[in-house]
Every structure is written in structure tokens, then in C-alpha cells.
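Listed here are the chains, written in short residue letters.
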Amino acid sequence: MKILVCISHVPDTTSKITFTNDNTTFNTAGVQFIINPYDEIALSKAVDLAADGASSITVITVGDASTEATLRKALAIGADSAVRVDAQPLDAWFVANQIAAYARANSFDLILTGRESIDYNGGQVAGMLGELLGLPSVSIAKSLSVENGQARVEREIEGGKEIITASLPLVAGTAEGVAEPKIANMRGIMSARTKPLEVIAPIAVEPLTKIEVYDTPPARGNVKLIDENNIDELVHLLHTEAKVI
Amino acid sequence: MSVLVYIENTDGQLKKSAFEVASYARDTAAQLHTDVVALSIGQVNQDELHKLGQYGIGKILDANTEKLATFVNQAYASILTGAAQKENAHTIILSNTFSGKALAPRVSAKLKASLISGAIDLPKAEGDTIGVKTTTFSNKAIASVSLQSPTRVITVNPNAYPAKEQPSGQVQIEPYNADLPDSDFGTMVKEIVRATDKISLPEAEIVVSAGRGLKGPENWGIIEELANVLGAATACSKPVSDAGWRPHAEHVGQTGIVISPKLYIAIGISGAIQHLAGVSSSKTIVVINKDPEAPFFKIADYGIVGDAFVIVPKLIAALKAHKGIG
Ligand SMILES: Cc1cc2nc3c(=O)[nH]c(=O)nc-3n(C[C@H](O)[C@H](O)[C@H](O)COP(=O)(O)OP(=O)(O)OC[C@H]3O[C@@H](n4cnc5c(N)ncnc54)[C@H](O)[C@@H]3O)c2cc1C
Ligand SMILES: Cc1cc2nc3c(=O)[nH]c(=O)nc-3n(C[C@H](O)[C@H](O)[C@H](O)COP(=O)(O)OP(=O)(O)OC[C@H]3O[C@@H](n4cnc5c(N)ncnc54)[C@H](O)[C@@H]3O)c2cc1C
């Protein structure tokens, strides 16, 4: 199977999020970047699937040269080759079109993304890719297996799950539980240095959205502490002050 | 020009989020000086659809065929797109439910529409474009986004916009059907597994959540009982689901589900930044933790410092007394 895994390069989950240029630009100074945690799950799934010895894994990112360290990490975890589309990811439509152009030229059996990126949180790329490529897509897969050219996927729904079958090629956004996270070992790290990392030029696409400005969420008031021997007070406040029960 | 809103059902019952999104669409239409049309896909009876009239919906397209009885992502996206074109809708609104998350990107790509996921306010016209706000960086920032395509798709998180009644007068229901190619049926539902006795976490108004402070899965009885008394859904922190104490579907946070209930009660959870990312937009937060220095207290509205095993049973008793039960 030929597998493509889409990798988003995101700030570490503990990063302090600040903005510059009148709150129009995310301030990357001092921020540590990581593989988007869901993309790590997608990649781990690909590594499991490729254990059959007859598969190849390509990772792709749309980003500037600073994302190459992240791609090298993906190679260390187990991808065979990496592609960087040399452009700023302007919005999900722009990103999906870049990946679709590459996928069209290289026909994959399975395209995996994360369920969403932990920075912009759109959860948009998988569905857009499916549409652009004319393929079925599952936005949030909780489990995924492939047998005889068909995928079996568990899709999350409110209060349960749907078990579906899908024809290949398929685009799937992976969530927690799809695979055990794989950690790069020494051999992986050594071999990652020599695996191919191709840089390609973007295609011309106009983004459809623009982030004009960022704000910080409104601060909450101070916590009201209630004595553990006065629980009735809490019930009273929830009823009369917060009006939530 | 009009606003089209997608109405979801579960086994023929309109979802709670359907009324929220109907209210949001109605108010968006008012804001943009246009009309709202609803689209229901799947098998929903007329009485059920008529309920939307209470929320300002006057016209409903009803795509009710056997083939569309269960969710088929591509086919539903085609129906939605076709309906938008038929109604000349330039703004398409969906709830950011699991199905909404699957459909919205496909619909937006078909229409080359600007897509915004999880809007937190109504769209506002700004010259030629419209602007809307959403959260980014896992709730750590709010982005004001301009939607530059003449067509746009907006999804709204469950619980983010209240369902407000505003009767429309008459409701007109029009059957809607479209010929769909076989290639739209690339996925097929084999089985639906639903925990019927439980309240769905993403849509729940009250959530009772517990963490590693509970020590082990055998201690979840008090959490479930508290949830029962409150009519709440249960949730947990990541280490708890990682350890298999609770199912993954209950894990909230940056790498789990993001929720915004009216009331979130966190018990024995320290309040790590990754956990807060999933719950900090809850309207009211109550924290129960034995450590007064636990970071969760910093974003809580109400807090009790003490042992959960002592406090939770007392809270259950106090709530029962308040509700006049037991
Ligand atoms: C300098 C800069 C400016 C930006 N300005 C805007 C803006 O004005 N408007 C706007 O909407 N966004 C903007 N972004 C955000 C960026 O475009 C998003 O990363 C992109 O829109 C993808 O959407 P998402 O993060 O919501 O991805 P999601 O749809 O949540 O991601 C799902 C999955 O898609 C894949 N994926 C996501 N991004 C990439 C990528 N870059 N390469 C490969 N795979 C990927 C991953 O597998 C990921 O798990 C900006 C980003 C940068 C760096
Ligand atoms: C990439 C990444 C992503 C992550 N994503 C998530 C995520 O999505 N969601 C998430 O939850 N975490 C996430 N985490 C993990 C997160 O960093 C924390 O480790 C986790 O949230 C801690 O869980 P906890 O609060 O249950 O446990 P702990 O931090 O161990 O806290 C237990 C708390 O219980 C209290 N306690 C102990 N005994 C009692 C008692 N008898 N009565 C009352 N209180 C008691 C303690 O004082 C303590 O505050 C992520 C981490 C990483 C690195």
C-alpha cells in the first residue's frame, strides 16, 4: 500500500501563545514546535500498516524551511520519504489544494491526516482533500483497519460510534486510540538523516479566509472558595448565582 | 441570497444542537437581511420537523429517502450543496457535531466557499466580506476571521449558541431529492453502537469529570451517581483514559474532546494546560481538589479544597435535597 501522511508542524502543547504586529501574527519566538499529536497517531498507524513489508510511507507538510526538523522526526519514527511544499500554510483550503496536487500526481491508497491541528483547530483538511480528490473521507476515525482493498473504520458520533466500510483510496483523519504512539529509536534517528526529503514548489491557490486579528479570551473572575463543611452553599450558588442547576 | 441550515437528527429525533443551529441561522439571516431555509436529511417525520417553526424556521427542505437513512458523508455533502444552489444560499450553517465536522469541509470545497469551524458569535458584514470569530490555539486565543469567498460555510459548536424560541408562523415542508452518482456512496454504515443510557458528552449541558485523584476505576461509582443526580454526562482526564479506567470517548482536552457545557465539575484533576484547553470555555467551572495549589483553581468559578471521597457524597446528598429526591 502507498500511504501518505499529512504532517502539521505545531507549537508544543505547553507553549505560551502570544502575538505580534498589533495582534495579527503568532509570535514564534522561543516556541518549541512538535509534530501535531494527532498526526503522530496517523503516522504510527501508517507504521503499523506498513509492517506488512509491502508498503511505503510518505509524509508531507506545507510550510517553510523551519518545518524540516519536524519532517526529520517523522522520518525517524518510520516514514520512508518526506515532501515539503515550500509555502506558508495560508488557510486549510490552500493547504488541502497543495496536498491534493501532490497526491494526484503520485496516487496513494491511503491518505491519513490528524483529526485536527492543535494550533488552528479547523478539522478541515481531511474533508477538503477527500472532495478535491473525489475520494471518500472520514474526518474522525477512532479505529482503522484495511483488508482486501477495503477499510473498516470506526467513526465517532455523539454518544457512540458508527462502524463503516469504505472503499480505497480513502482519506482518514485519525483520533486517539487508532494506534499506539511510536517513538523514534536510535536506528530511526540515524537513518532519518539520509532518507529523501524533497522540497517542491507550491501551486497557485488563493486562500479563502484570512485571520484579521487575534484576541485573548476574557479572563475569569477569582475563584470563590467554599468550605467543605458547607456544601449547601455551593448548591445554593449554582442555583441562584450561576443559574446552572 | 439566503441562509441554509442543516438540521441533524438521531433516529428521527431532531438533535438539541439542531435547535441551537436553527436559532443561529435565523439570527444570521436577520443580521444579513435575508431569509433562512432549513434542510433535513434522513428519516424524520413531519411533526418532528414542525418543531423548527418554534425557532423561526418557515421553510424546510426534507431529503427523506431510504438511501439516506444512515449517514453517508459524500452523498449528504452533495445533497447539502445541491440544496444551497437551489435556494441560492450564500451562507450555509451546520452544527460542529461529528457529522457536521465531516460534512462542512466537503461542502465548502464543492462550493469553493470560505469555511470557519466553531464560530463563537454571529457573522457580521464588513464591506464585501463577512467576519466571524472562532477560538484557536486550543482555546488560548480568539481569531477574527474574514470570509472572503462570496459563499461561506460556518459551523457552530454544540452549546455555544442558545436555542431561543421565536415562532415563524407557518412552516412549509418541501420534499427535496437529487440524483446521486454511485461514487457518492464510497462509505457504508455497517453498525451503529450507541450507549443509550448515557448523555452525549459533546452536547451535554452539565459535565462531571474526574482525574487521577480518584485513584482507580473502582471509585467511579460516586462520579456516575453525581452525574445521574445532575442529568450530566461523564468525562475524564487523559491519563485516566490512557490507563483504561474510562473509555477514550470520555477524554476531554487538547487531544480529546473540546466541550463548552453550562457547568463543568472537575474532581481530582490538577488542571494541566492541555486539559484546560478542552474545557476552559465552559460557562461555570467547579473544582474539587485536595491540593489548594492545584492550577485548576485559577480558572474555576467555585472551588472546594478537600478530599473528593468525602466531598462528592456530601454534594450528592445536598443536590438530592435541593431537587427534593431521595
Ligand atoms: C503564517 C501563518 C499565517 C496563517 N494565516 C491563516 C489565516 O489567515 N487563515 C487561516 O484560516 N489559517 C491561517 N493559518 C493557519 C494555517 O493555514 C492552518 O494550519 C491551515 O489552515 C490548516 O488548517 P488547520 O490548522 O485548521 O488544520 P486542520 O484541518 O485542523 O488539520 C487537520 C490535519 O490536516 C493536516 N494538516 C494541517 N495543516 C497542514 C500542513 N500545513 N501541512 C500538511 N498537513 C497539514 C494534518 O494532518 C492535520 O492533523 C496561518 C498559518 C501560518 C503559519
Ligand atoms: C501532548 C500532550 C497532550 C495532552 N493532552 C491532554 C488532554 O487532552 N487532556 C488531559 O486531561 N490531559 C492531557 N495531557 C496530560 C496533562 O499534561 C496532564 O498530565 C493530565 O491532564 C493530568 O491528569 P490529572 O489531572 O487527572 O492527573 P494529575 O495531574 O495527577 O492530578 C491529579 C489531581 O488529583 C488531586 N487529588 C488527588 N487525590 C485527591 C483526592 N482524594 N481528592 C481530591 N483531589 C485529589 C491532586 O491534588 C491532583 O491535583 C496531555 C499531555 C501532553 C504532553
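In this text the structure is predicted, and so the values were computed from the model without any measurement.

Caption draft 1: Here's a closer look at the packing of helix H3 (residues 73-86) of chain B against helix H4 (residues 98-111) of chain B. Residues and elements named next belong to chain B. Packing of H3 against H4 leaves a shortest axis separation of 9 Å and a crossing angle of 50°. Relative to H4, the element H3 is oriented oblique. Remark: the crossing between H3 and H4 carries right-handed chirality. The residues of H4 that touch H3, namely those facing Asn73, Gln74, Tyr76, Ala77, Ser78, Leu80, Thr81, Ala84 and Gln85, are Ala102, Leu103, Arg106, Val107, Lys110 and Leu111.

Caption draft 2: Just the side chain of lysine 15 of chain B, in detail. The residue lysine 15 of chain B is located in the loop between strand E3 (13-14) and helix H1 (16-31) in this model. Here the side chain of lysine 15 of chain B touches glutamate 158 of chain A through a polar contact of 2.9 Å, side chain to side chain.

Caption draft 3: Seen up close, the site of ligand 1. Residue and element names in this part refer to chain A. Close to ligand 1 lie 29 residues, the nearest being Asp39, Pro89, Ser117, Gly123 and Gln124. A distance of 2.7 Å separates an oxygen atom of ligand 1 from a polar atom in the backbone of cysteine 6. Isoleucine 7 places a main-chain nitrogen or oxygen 3.4 Å from a nitrogen atom of ligand 1. Its free accessible area being 930 Å², ligand 1 has 85% of it covered by the protein chains. When contributions to the shell around ligand 1 are tallied by element, the ones reaching two or more residues are strand E6 (56-63), helix H3 (92-106), strand E8 (110-114) and strand E14 (209-215). Looking at side-chain class alone, the shell around ligand 1 contains 12 nonpolar, 12 polar and five charged residues.

Caption draft 4: Focus on the sheet that holds strand E1 (residues 2-6) of chain A. Strand order in the open sheet formed by 10 strands is E13(A)-E7(A)-E6(A)-E1(A)-E8(A)-E12(A)-E9(A)-E10(A)-E11(A)-E13(B), and the pairing between neighbours is mixed. Looking at which strands have only one partner, the edges of the open sheet turn out to be strand E13 (197-200) of chain A together with strand E13 (187-194) of chain B. Taken pair by pair, the neighbouring strands of this sheet meet at an average axis angle of 30°, ignoring direction. Relative to strand E7 (residues 81-86) of chain A, E6 of chain A is paired through six bridges, and the arrangement is parallel. Bridging across to E7 of chain A, threonine 61 of chain A finds its partner in arginine 84 of chain A. Lying over the sheet, helix H1 (residues 37-49) of chain A contacts E1, E6, E8, strand E9 (137-147) and strand E12 (170-174) of chain A, oriented at roughly 150° with respect to E8 of chain A. Across the sheet, H4 of chain B is in contact with E9 and strand E10 (150-157) of chain A; its angle to E9 of chain A comes to roughly 95°.

Reading guide: rules and limits
- Residues numbered from 1 in each chain as written.
- Chains lettered and ligands numbered in written order.
- Predicted model: local features only at pLDDT ≥ 70, side-chain atom pairs only at ≥ 80, totals over all residues.
- Heavy atoms only, no water.
- Axes fitted to C-alpha atoms, helices over the stretch in contact; angles between N-to-C directions.
- Helix = DSSP H or I, 4+ residues; strand = E, 2+ residues; numbered from the N terminus.
- Parallel < 35°, antiparallel > 145°, perpendicular 65-115°, else oblique.
- Left-handed = near helix turned anticlockwise from the far one by under 90°.
- Contact = heavy atoms within 4.5 Å.
- Polar contact = N/O pair within 3.5 Å; in protein donor to acceptor, adjacent residues only side chain to side chain.
- Near = heavy atom within 4 Å.
- Areas by Shrake-Rupley, 256 points an atom, 1.4 Å probe, with all protein chains shown as cover.
- Nonpolar A, V, L, I, M, F, W, Y, C, P; charged D, E, K, R; others polar.
- Pairing = 2+ DSSP bridges.

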